[in-house]
Amino acid sequence: MIPKTVNNVQEALKGVKDGMTLMLGGFGLCGIPENAIAELVRLGVSDLCCISNNAGVDDFGLGLLLQKRQIRKMISSYVGENDEFERQMLSGELEVELTPQGTLAEKCRAAQAGFPAFYTPAGFGTEVAIGKETRDFNGKMYVLEAAFKADFSFVKAWKGDEAGNLIFKGTARNFNPCMCGAATITVAEVEELVPAGSLDPNGIHIPGIFVQRIFQGKDYEKRIEQLTTRSRI
Amino acid sequence: MIPKTVNNVQEALKGVKDGMTLMLGGFGLCGIPENAIAELVRLGVSDLCCISNNAGVDDFGLGLLLQKRQIRKMISSYVGENDEFERQMLSGELEVELTPQGTLAEKCRAAQAGFPAFYTPAGFGTEVAIGKETRDFNGKMYVLEAAFKADFSFVKAWKGDEAGNLIFKGTARNFNPCMCGAATITVAEVEELVPAGSLDPNGIHIPGIFVQRIFQGKDYEKRIEQLTTRSRI
Amino acid sequence: MLDKNGIAKRIAKEVKDGYYVNLGIGIPTLVANFVQDDINVEFQSENGVLGMGPFPFEGEEDADIINAGKQTITTLPGASFFDSATSFAMIRGKHIDLTILGAMEVSENGDIANWKIPGKMVKGMGGAMDLVASAEHIIVAMMHTNKAGESKLLKQCTLPLTGVACVKKIVTNMAVLEIVDKGFKLLERAPGVSVEAIKKATSGKLIVEGFIPEMEI
Amino acid sequence: MLDKNGIAKRIAKEVKDGYYVNLGIGIPTLVANFVQDDINVEFQSENGVLGMGPFPFEGEEDADIINAGKQTITTLPGASFFDSATSFAMIRGKHIDLTILGAMEVSENGDIANWKIPGKMVKGMGGAMDLVASAEHIIVAMMHTNKAGESKLLKQCTLPLTGVACVKKIVTNMAVLEIVDKGFKLLERAPGVSVEAIKKATSGKLIVEGFIPEMEI
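Predicted model only: the values in this text are computed from it and were never measured.

J.: Before we go on, may I ask you to explain the overall build of chain C in this structure?
T.: Scanning chain C for helices and strands turns up 5 helices and 13 strands. Taken over the C-alpha trace, chain C has a radius of gyration of 17 Å; the compact-globule value for 217 residues is 17 Å, and the two agree within 12%. With the C-alpha coordinates of chain C rotated into their principal frame, the extents come out at 50 × 40 × 30 Å. In chain C, of all internal contacts separated by at least 6 residues, the share reaching a separation of at least 24 is 61%. Per element, the accessible surface of chain C, about 8400 Å² overall, is 49% carbon and sulfur. Seen as two clouds, the 22 positive and the 27 negative side-chain charges of chain C have centres 10 Å apart.

Laid out in structure tokens, this is it:
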């Protein structure tokens, strides 16, 4: 077993510098690496390029980094629900690269799996394909999209062990597994860190080889963006 | 829940015809769809193109189909341990397309995930790349490989539910998940078929959407090819 | 004229036994409420769940279980969770039988625009470009005209496209239409809406052949 | 001269703390027996397991838990199972730190041939082409000469290639060699083997600079 445990979020983020490209898991506020984001705010690193499906809300998630103007560029598929984001984007302070959601996921997976690029039908004939190679396969058109290159990947899992093996919960899984091993260093924060051997080897979502550092996260807020319920009959 | 259960292997293989291209899961004799293979032998369908990492042994696995001369072409990464295979291959009765193992897996995954082709470094500069497009990405050379097209995919899982959700065991997982949803019809045989709702939605290896038919398998032999043990001290 | 629930109710009739369905945000989400009880259907949400159930009872919501609209949801027996790459493997690999989504504009040849208005804040395409580029069968749910009263069924889209030549069917508050080679083929009228009124509200080429029945909803 | 176990023992010294290692069939498999106890290493097998342990005790074998050589194995705490696509994602994505495999021929520039002899039954390349095309660090374990006494370290490979310019280091029964720009750089001699003998057994360009120590194994 190759131990991946670090003592805390400070150790986990060692080496993060201004100007780096970071991947951050999560869909909306679901499954986001809350501890890593808080530490990025504390560190005050700036000029960041953040790859994340969404950009948080004004006072939570990546919104916290936007408030402090730490982000130079966002690569996302959907960035609504965030006034500060809108202000910075419209004023030109923030660069935004919008990418179809499936393409975003596969650009992560391609980086993880050693594929330099891939052909996807998404975005063909739209402005997303401008400047990109397109190609016909079996009568259908595809766009060539390149794998991401990132310095750090921050993911949040439900359970993890000292060997870096991860298990996610529900739809908090989303982009997190795809981002593991897709950056030079993958940092996983988990709700419950257990000794190696505690997790069923058959039930691991992400093998520890894709994770360089793991730590026990704390104080998870897990905010709900759209609390929707039905009344009891 | 969309029910996928069929009563038996006969029903599961309905529609299999001479000349079809079939995918079969398994690595060596580990995790092979034993029931489907037995039924293919019984049906006597011939002129088959079989995509499978290996070709079984003389008297088990795909070797049973080879004995009956039902296979026209094998697409595999490794085909040792089979005298009848060797005889048919050397005599020219059997067409063999050898494919690097990772490429084989990804050609399945590409078919499953709707990618027409992909670039892999495997085989560049070797006879595997002859006649194929090659390309430089970031100073490294890659070979363009096309997704498989198959009529049926036969996989073996450990547990499955009526909705077609699958869980594999140990290294019997291998190519099985990659082949699910990679053919027009995916047939899963399982050691234990349970009602929908019995499996933890968080622990499913292959969601039922990738499976068209599922049945309770029987009489699994699970032969061991290389029984290797150590002595007790 | 139909209201949003009426559109959803009519679209629900397009949902067949054994279908895996992806519902977009807005009117499409309402479709789930009207699908027949006696058929087997599973709803996928592209953030990573198959087999979505109704919203949770108050107090039973789980922050880790949401749909693509970021609403708390529940799951039904047979459900599964998966990552985003697998989710789009389902979509790109044509394993989803039906995609229902909203639109700002649809053109005669099936182009769709639903993500961007130049000069306005762009929120992003989310999974829409993947869905429209891949789905075997796409139904658009929308109002026939925009707030300014202008037709949303055009000869050519004026807004930036989400996908080209992909829409198969459109259900609006006024009509059900199919995209055919030469334009929008009128299939059904909403209750009380005349063919004349639909013609007037349709800017692209409308094809009216024979008797156009009123929708049954 | 080393025997197979000797080669494996020498290669084991190349296995460093924190390495994920893929071992090929044959001599490479033996390497696991000689890795130091006080370092943390995980062995991957490309059929879908990370964290392989020793062979099982008799009667404890499980047909569902094998390695790429189809031998029954066990797993250690922290192990995981995964599918073939994920396994090669680890390999292609350069997550494996060291690949050790056998060869029939290696050329001066690091080309390797280890899968096919024209005219003979071809069993296939298995995962070897993926491994050699992707690995950061590849060590070849082989005899210095073939059964006919001919050198396996050549100017150019004569057999069909498995991969080009990929081998970094070679450990044979006679020597440890590194592939450098101009040829095979001799690093160490096997106990009792002279530089002269190695020169004689090496058909490709051998680079001998300064004192060549005997291996410590």
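J.: What am I meant to see in the interface of chain C and chain A here?
T.: Interface size is commonly expressed as the accessible area that is lost once the parts come together. Contacts between the two partners involve 48 residues from chain C and, on the opposite side, 52 residues from chain A. Both sides of the chain C and chain A interface together cover about 4200 Å² of buried area, and 61% of this is carbon and sulfur. Summed over the three residues of chain C that lose the most area to chain A, namely D64(C), K70(C) and M121(C), the buried surface amounts to 19% of that side. Across the contact surface, chain C and chain A share 5 salt bridges. Notably, a salt bridge pairs D64(C) with K169(A), separated by 3.1 Å at the nearest N-O pair. In this structure, the connection of chain C to chain A is made through 25 residue pairs in polar contact (both at pLDDT 80 or more).

J.: Would you mind going over empty space enclosed by the protein with me for this structure?
T.: In this approach a probe as big as a water molecule rolls over the atoms, and the regions it shows empty are the leftover space. Evaluation of the coordinates by the stated rule reveals 13 cavities of 30 Å³ or more. Its boundaries defined by the atoms lining it, the largest cavity holds a volume of some 690 Å³. Along the walls of the largest cavity sit 32 residues, with H205(A), D83(C), T86(C), D83(D) and T86(D) positioned nearest its centre. Listed by contribution, the elements that provide at least two residues to the lining of the largest cavity are α5 (101-113) and α6 (176-179) of chain A, α5 (101-113) and α6 (176-179) of chain B, α3 (84-92) of chain C together with α3 (84-92) of chain D. Partitioned by chemical class, the residues of the lining of the largest cavity number 20 nonpolar, 6 polar and 6 charged. In this structure, the second largest cavity spans a volume of roughly 80 Å³. Lining the second largest cavity are E106(A), R109(A), A110(A), F115(A), A117(A), F118(A), E106(B), R109(B), A110(B), F115(B), A117(B) and F118(B). Of all the secondary structure elements, the ones that give two or more residues to the lining of the second largest cavity are α5 and β5 (117-120) of chain A together with α5 and β5 (117-120) of chain B.

J.: Which parts of the structure should I look at to understand the state of the cysteines?
T.: Two cysteines whose sulfur atoms are joined by a covalent bond form what is called a disulfide. All names here are of chain C. Within the structure shown, the criterion is met by 0 disulfides over all chains. With no disulfide of its own, C157 lies closest to C166 among cysteine sulfurs, the gap being 9.2 Å. For C157, a relative accessible area of 17% translates into the label buried.

J.: Just to check I follow, could you spell out the packing of α5(A) against α3(C) for this structure?
T.: Helix-helix packing is characterised by the crossing angle of the two axes and by the distance between the axes. As a packed pair, α5(A) and α3(C) sit with axes 9 Å apart at the nearest point and diverge in direction by 125 degrees. By the angle between their directions, the pair α5(A) and α3(C) is classed as oblique. Considering only the axes of α5(A) and α3(C), their crossing is left-handed. From α5(A), Q101(A), G102(A), A105(A), E106(A) and R109(A) reach across to α3(C), where they touch S84(C), A85(C), F88(C) and R92(C).

J.: Would you mind showing me how to read the sheet that holds strand β6 (residues 105-107) of chain D here?
T.: The strands making up a sheet are joined through hydrogen bonds of the backbone, oriented either antiparallel or parallel. Residues and elements named next belong to chain D. One open sheet accounts for 3 strands, arranged β7-β6-β9; its pairing is mixed. The open sheet has two edge strands, β7 (112-113) and β9 (153-154), and neither has a second partner. Pairing between β6 and β9: 2 bridges, direction parallel. From the neighbouring strand, S107 faces β9, where its bridge partner is L154.

J.: Help me understand the relation of the copies chain B and chain A in this model?
T.: Between the two copies of the chain lies a rotation about an axis combined with a shift along it. Expressed as a screw transformation, the operator carrying chain B onto chain A has a rotation angle of 180 degrees and an axial translation of 0.0 Å, and the superposed copies differ by an RMSD of 0.0 Å. The relationship between the two copies is best expressed as a two-fold rotation axis. With an isologous cut-off of 70% or more, the 100% of interface residues of chain B that recur at the interface of chain A puts this contact in the isologous class.

J.: Help me out: how do you make sense of the interface of chain B and chain A in this one?
T.: Of the residues lining the interface, 23 residues belong to chain B; the matching set on chain A comes to 23 residues. Between chain B and chain A, a total of about 1800 Å² is buried, with carbon and sulfur atoms accounting for 45% of that surface. Counting the surface chain B buries against chain A, the share from its top three residues, P116(B), Y119(B) and N202(B), is 32%. Linking E106(B) and R109(A) is a salt bridge whose minimum nitrogen-to-oxygen distance equals 2.7 Å.

J.: Is there a simple way to explain the sheet that holds strand β9 (residues 153-154) of chain C in this structure?
T.: One open sheet accounts for 3 strands, arranged β7-β6-β9 (chain C); its pairing is mixed. Of all the strands in the sheet, the pair left with one neighbour each is β7 (112-113) and β9 of chain C.

J.: How do you make sense of helix α2 (residues 34-43) of chain B when you look at a structure like this?
T.: The α-helix advances 3.6 residues per turn, and as a result positions three or four apart in sequence lie on the same side. All names here are of chain B. The element α2 is extensively covered by neighbouring structure, given that 7 of its 10 residues are classed as buried. Burial in α2 covers these residues: E34, N35, A36, I37, E39, L40 and V41. Elements that come into contact with the buried residues of α2 comprise α1 (9-12), β1 (21-24), α3 (63-67), β8 (150-161), β10 (183-194) and β11 (213-216).

J.: Help me out: how do you make sense of α3(D) in this one?
T.: All names here are of chain D. For α3, a buried count of 8 out of 9 residues is recorded, marking the element as mostly surrounded by other parts of the structure. Among all positions in α3, only S84, A85, S87, F88, A89, M90, I91 and R92 are buried. Taking the backbone nitrogen of A85 as reference, a side-chain oxygen 2.9 Å away marks D83 as the first, capping residue of α3. Immediately beyond the C-terminal end of α3, within one or two residues, lies K94, with a positive phi of roughly 65 degrees.

Rules of the game
Residues numbered from 1 in each chain as written. Chains lettered and ligands numbered in written order. Predicted model: local features only at pLDDT ≥ 70, side-chain atom pairs only at ≥ 80, totals over all residues. Heavy atoms only, no water. Helix = DSSP H or I, 4+ residues; strand = E, 2+ residues; numbered from the N terminus. Rg over C-alpha atoms; globule rule 2.2 N^0.38 Å. Contact = heavy atoms within 4.5 Å. Areas by Shrake-Rupley, 256 points an atom, 1.4 Å probe, with all protein chains shown as cover. Lys, Arg positive; Asp, Glu negative; His and termini not counted. Charge placed at Lys NZ, Arg CZ, Asp CG, Glu CD. Buried area = accessible area lost by both parts, 1.4 Å probe. Salt bridge = Lys/Arg side-chain N within 4 Å of Asp/Glu carboxyl O. Polar contact = N/O pair within 3.5 Å; in protein donor to acceptor, adjacent residues only side chain to side chain. 1 Å grid on protein atoms, 1.4 Å probe; cavity = no way out; pocket = protein on both sides within 12 Å on 5 of 7 lines; lining within 4 Å. Points joined across faces, edges and corners; volume = space filled by probe spheres on them. Nonpolar A, V, L, I, M, F, W, Y, C, P; charged D, E, K, R; others polar. Disulfide = S-S within 2.5 Å. Buried < 20%, exposed > 50% of the residue type's maximum accessible area, 1.4 Å probe, protein only. Axes fitted to C-alpha atoms, helices over the stretch in contact; angles between N-to-C directions. Parallel < 35°, antiparallel > 145°, perpendicular 65-115°, else oblique. Left-handed = near helix turned anticlockwise from the far one by under 90°. Pairing = 2+ DSSP bridges. Least-squares fit on C-alpha atoms with pLDDT ≥ 70 in both.

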